[in-house]
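Analysis of the macromolecular model
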Amino acid sequence: MKIITDESCTGYSRPGHPEKPARITRTLETLRAQTELPITWAKPAPVDDAAILRAHAPELLASLGKAEDFDADSPAYPGIADHARASAGAALEAMRAARNGETVFSLMRPPGHHATRNRIMGFCYLNNIAIAALEALATGTKRVAIFDFDVHHGNGTEDILLNREGAAFYSIHQHPAYPDTGRANVGKNCFNYPVPPALPRPDYRDVLSSALDQLKQFKPTLIGVSAGFDAYARDPLAQETLEAEDFYWLGQKIRALNIPTFSLLEGGYSRDLPDLILAYLKGIEGK
């Protein structure tokens, strides 16, 4: 298992904001203390503007240096442009590692799946998974699928990948919930699986399985996973039911596809996040 991280990504915060440095620091403590899962550690790769601009408008990239908050959820933290670029660079490094046959997870912040081509929103500044997917397509990957199991719809990824040749997007998310999108499929390649609040765990697993079955029919040569852990039963930002063993099961299901896969941390705001990530990693590693 390769983990791509950089502890400098904990270098921004705002009191009371749920997307906090402890998400990373406590997960690193858990992963370093456990002995069941052998881990190799790597740093993010640099990311050039050309890779970012495949996914985002030049105006969005330029705006990262501004002093005013982007919205109530997405403050203009000092240095946020560098943090966002590092998170995108980790996604690119994870994508390349997966193409080289490694099992890999990017443990970085900020997350990315709400950032659209033109808009920073929902804790997200650059859309890491979309940047990595488009880089993969531009450098030889024929078909890339994005599987997003964050409890909030990946509206930004959908916006960027909509009707892109060679790409498909699958999102399983609570509805109604932020950002109030993802009610139905969109275009030729964006498939949405909205689930009601408090869906029983067996039913939630059935929806996840259905999405993976449809993804498999796309015949991707590479999978990128937007791994959000906020469908957890005790997450403060949603009302779902999953437990750690469900994330382990999901990791096993993704591993069983036998397709090169990279996973990026998106949401997950409970104190149990480190244990949820570890459970998922054991599943995708086959432990």
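Our subject in this report is the structure included herewith. (Residues numbered from 1 in each chain as written. Predicted model: local features only at pLDDT ≥ 70, side-chain atom pairs only at ≥ 80, totals over all residues. Heavy atoms only, no water.)

**Digging into helix H5 (residues 128-138)**
For the α-helix, the turn length of 3.6 residues means that residues three or four positions removed from each other point alike. Going by this rule: We call a residue buried when its accessible area falls under 20% of the maximum for its residue type, exposed when it is over 50%, and partly exposed in between, using a 1.4 Å probe and counting protein chains only. Counting from the N terminus, the helices are DSSP H or I runs at least four residues long and the strands are E runs at least two residues long. The contact criterion used throughout is that any non-hydrogen atoms of two residues lie within 4.5 Å.
The element H5 is extensively covered by neighbouring structure, given that 9 of its 11 residues are classed as buried. Along H5, the residues that are buried comprise Asn-128, Ile-129, Ala-130, Ile-131, Ala-132, Ala-133, Leu-134, Glu-135 and Ala-136. Next to the buried residues of H5 lie helix H2 (49-55), helix H4 (80-99), strand S4 (144-148), helix H6 (155-161), strand S7 (222-227) and strand S8 (261-265). One or two residues past the end of H5 sits Gly-140, with phi positive at roughly 115 degrees.

**Quick look at H4**
Under the convention used in this document: Here, expected helix span is obtained from the residue count minus one, scaled by 1.5 Å.
Taking 1.5 Å per residue as the helical rise, H4 with its 20 residues ought to reach 28 Å, and the 29 Å between its terminal C-alpha atoms agrees with that figure. Looking one or two residues past H4, Gly-101 carries a phi angle of roughly 90 degrees, positive in sign.

**Focus on unusual backbone geometry**
Of note, the bond from Arg-109 into Pro-110 is cis; its omega dihedral lies within 30 degrees of zero at 5 degrees. With an omega dihedral of 5 degrees, the bond running from His-175 to Pro-176 counts as a cis peptide bond. Topologically, Pro-176 is positioned in the loop between strand S5 (167-174) and strand S6 (190-195). With a phi angle near 60 degrees, Ala-198 is a residue other than glycine that sits in the positive phi range. Turning to its location among the elements, Ala-198 is positioned in the loop between S6 and helix H7 (201-218). What makes Ala-198 exposed here is its relative accessible area of 51%. Unlike most non-glycine residues, Asn-258 shows phi in positive territory, near 60 degrees.

**Observations concerning the pairing of S7**
The test is simple: Here, any two strands with at least 2 DSSP bridges between them count as paired.
In terms of residue burial, S7 counts as a mostly covered element, since 6 of its 6 residues are buried. On S7, burial covers both faces: Leu-222, Gly-224 and Ser-226 on one face and Ile-223, Val-225 and Ala-227 on the other are all buried. Strand direction decides the pairing type here: S4 and S7, joined by 5 bridges, are parallel. By the bridge assignment, Asp-148 is partnered in S7 with Ser-226. As judged from the 5 bridges shared by S7 and S8, these two strands associate in the parallel manner. Pairing of Gly-224 across the sheet is with Phe-262, part of S8.

**Structural notes on the sheet that holds strand S3 (residues 104-106)**
We count it as follows: Axis angles are defined between N-to-C directions and span 0 to 180 degrees, where every axis is a line fitted to C-alpha atoms and, for a helix, only to the segment in contact.
What the 8 strands build is an open sheet, ordered S2-S1-S3-S8-S7-S4-S5-S6; its pairing is parallel. Looking at which strands have only one partner, the edges of the open sheet turn out to be strand S2 (40-42) and S6. If you compare each strand with its neighbour and ignore which way they point, the axes differ by 15 degrees on average. One ladder, built from 3 bridges, connects strand S1 (residues 2-4) with S2; its direction is parallel. Each residue of the ladder has a partner; that of Ile-3, found in S2, is Trp-41. Docked against the sheet, helix H1 (residues 22-33) engages S1, S2 and S8, running at close to 150 degrees with respect to S2. Strands in contact with H4 are S1, S3, S7 and S8; relative to S8, the strand with the most contacts, it is inclined by about 160 degrees.

**Some details on the packing of aromatic side chains**
For clarity, the cut-off: Put simply, two rings from Phe, Tyr or Trp (the six-membered ring, in Trp's case) pair if the centres are within 6.5 Å, and we call them stacked under 30 degrees between planes, edge-to-face over 60, tilted for the rest. Charge over a ring is defined by NZ of Lys or CZ of Arg lying within 6 Å of the ring centre and within 35 degrees of the ring normal.
Applying the stated rule across the entire model yields 11 aromatic pairs. Ring centres of Tyr-12 and Tyr-77 lie 4.7 Å apart, and the angle between their planes is 50 degrees; this geometry places the pair in the tilted category. With Tyr-12 in the loop between S1 and H1 and Tyr-77 in the loop between helix H3 (58-63) and H4, the pair connects residues that are 65 residues apart, well separated along the chain. What makes Tyr-12 buried here is its relative accessible area of 4%. The exposure class assigned to Tyr-77 is buried, which follows from its relative accessible area of 7%. Ring centres of Phe-149 and Phe-229 lie 5.6 Å apart, and the angle between their planes is 85 degrees; on these two criteria the pair is classed as edge-to-face. Here Phe-149, found in the loop between S4 and H6, pairs with Phe-229, found in the loop between S7 and helix H8 (244-256); they are 80 residues apart in sequence, far enough to count as distant. An aromatic cluster is built from Phe-105, Phe-147, Phe-149, Phe-229, Phe-247 and Tyr-280, whose rings are joined through pairwise contacts. Here the guanidinium or amino end of Arg-32 rests over the ring plane of Trp-41, the centre of that ring lying 5.5 Å away.

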